[in-house]
Structures are given as C-alpha cells and as structure tokens.
Amino acid sequence: VVYLLWHGRLPKASELQELKRQLNANSALDETIIGLIRTFPKDTNAMAALRTAVSALALGDEEAGDMSADANLRKAIRLQAKIPTIIAAFARIREGKEPLAPLADVSLAHNFLYMLNGQEPDRVAVEALNKALVLHADHELNASTFSARVTVATLSDIYSGITAAIGALKGPLHGGANEAVMKMLTEIGTIDNVEPYIRGKLANKEKIMGFGHRVYRKGDPRAKHLKKMSEKLTKLVGEPHWYEMSTKIEEIVTSEKALPPNVDFYSASVYHCLGIDHDLFTPIF
C-alpha cells in the first residue's frame, strides 16, 4: 500500500522486496533523536512529541534541502521507517524503559508492536494493526494531507510538510477522534450505561465521536472491516464488553440520527485490545 500511494501502481515482487529492505535498513534512530526524546517532560502530548521528533530528523539529514524527486523518495523512505520507531521509543522512555532497536526482516506493524511492548506480537495482533494502517491510508484529501500539500507547494521541504500534517492531525476533529471514542467507552463503563449516556448526549445536542463523515455521507466503507476485527480481538483478550458497548452505541445513533460509524469508531477498541496507550492512537494514525 505504501508503494501504491507513492508510485501510483502496485509493486512487482522484486520492487516490494527492495522497499521492505530499505524500510528495515532505515528504521533505527540515532542517539541524537533518542537523546532529544529523553528530554521531553513525562506528560508531553504524544502528538507534540512526534511533531518535534519528526522536525528534528531534518537536522541530521544531509538531503533535507534537496528537492529532487529521487532525494524526496529517499527521505520519504527514511520518514516512513522512522516514525513507528519514534512513537515506540517515546512510549517506552516516558515509562522509564529503554527503547528497543527494530527487528530485521519483519513488517512495519510487527516491528512497531514489538518495539512498543517488548515482545513478539502474535499473528492476530499484526493482522489487526496492518488492517488499521491500510484503512487509514486509504483515504482522500483530508485535513492533514491538505496541510502537507499546502506546505510543500511553497517549495518547502518534505520534513516541513510532514510536520505540518502532524500538527493538523493532532486536533480532536481529525486524528484525535478515535482517542475520544475510547474515552467515551471508558466513561460509559458497562453495557447498561450505554442507553442513558448516549440518549443524554443526543438530548443535549452534544457531539458523539466516531460517527458521520464529511466525505462518506452514506457510511464510511472502512468501518466494517475494523468492526469485524474489534469483535475478534475483544473476544481474544477477554474484554468483549468493548465491542458490545460499541454495537449498542451504533444502534442508537444510527436509528436516532441516521449517522453511520466512521473508521475511528471501531479502531478505538482494536487499538485498546492491542495494549496500546490511548494517547498513542493519534500518532499511529
């Protein structure tokens, strides 16, 4: 999917293997970036940490100012490879743990879960994160993509473009929606509380996160895939109430407001069941 988005076509087998090799070769962070992350206050917003670290990557890149297509592709590979490592390193350092070096010859999803949790992820976990990443990538000209394109259209560099995109994504009306969904589920707590909580929100004309979409007016086609994965994962980890609460919320909101869930709604419980801290949901997006 990364290759498809960058080149406009699916890769040949040899091209895919070469991209995987390049991503693996560029996924480690040097001590300058890890040292910078260590200076962040423990309560630093996760998106602010990512924004700052990504911006700092440019300072150590000799090609940062090279605007040629070949150089931009090389920088894109370095950024794509290092962003998961940055998020995992930040998550571990703030907990007083040492960051882990990425593994060789595994997928981005597998590597991220390993670097985050310190153990090899199982097949279902890797499949779930891969689906979530693909579905979030399969999107149109959203706010963060638009921000990146405006920035690079001024002939600024690719690091500035991605940093601008992360800034736009940080907001709760964009990337922060699935974190807000999990906060709502946690507040509700049990299936019995769903109806009074949601009907109270509707009566007070309060926004319910994870529903409706400015583009997908008749329903977000991505949501159904994460709904299935949410059902599977919540059962697997012995916490089916998250899925049951979610389906009950969906039933009420769609019947009362005719608003179908979007990709954020079920991705929240998927990420939670993968053992991912709630404030890391948006950096993963």
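Everything below is about the structure printed above this text.
So, here's what we can say about the structure.

What counts, and where the lines are drawn
- Residues numbered from 1 in each chain as written.
- Predicted model: local features only at pLDDT ≥ 70, side-chain atom pairs only at ≥ 80, totals over all residues.
- Heavy atoms only, no water.
- Salt bridge = Lys/Arg side-chain N within 4 Å of Asp/Glu carboxyl O.
- Helix = DSSP H or I, 4+ residues; strand = E, 2+ residues; numbered from the N terminus.
- Buried < 20%, exposed > 50% of the residue type's maximum accessible area, 1.4 Å probe, protein only.
- Phe/Tyr/Trp six-rings, centres within 6.5 Å; stacked < 30°, edge-to-face > 60°.

1. With respect to the pattern of salt bridges
Side chains carrying opposite charge are able to pair once their charged atoms draw close together. Using the criterion set out here, one finds 20 salt bridges in the structure. Between arginine 21 and glutamate 18 there is a salt bridge, with the nearest N and O atoms lying 2.8 Å from each other. Taken together, the positions of arginine 21 and glutamate 18, both in helix α2 (residues 13–25) and 3 residues apart, correspond to about one turn of that helix. Classification of arginine 21 by relative accessible area gives partly exposed; the value is 48%. Take glutamate 18: its relative accessible area is 32%, and that puts it in the partly exposed class. In this structure, glutamate 256 engages arginine 199 in a salt bridge whose closest nitrogen and oxygen atoms are separated by 3.1 Å. Separated by 57 residues along the polypeptide, glutamate 256 in helix α13 (residues 241–257) and arginine 199 in helix α11 (residues 194–203) bring together distant segments of the chain. We classify glutamate 256 as partly exposed; its relative accessible area is 47%. Here the salt bridges do not stand alone but share partners, grouping Glu195, Arg199, Lys248, Glu251 and Glu256 into one network.

2. Considering the packing of aromatic side chains
Tallied over the entire structure, the rule returns 4 aromatic pairs. By way of ring pairs, the aromatic residues Phe211, Tyr243, Phe265 and Tyr266 are connected into one cluster.

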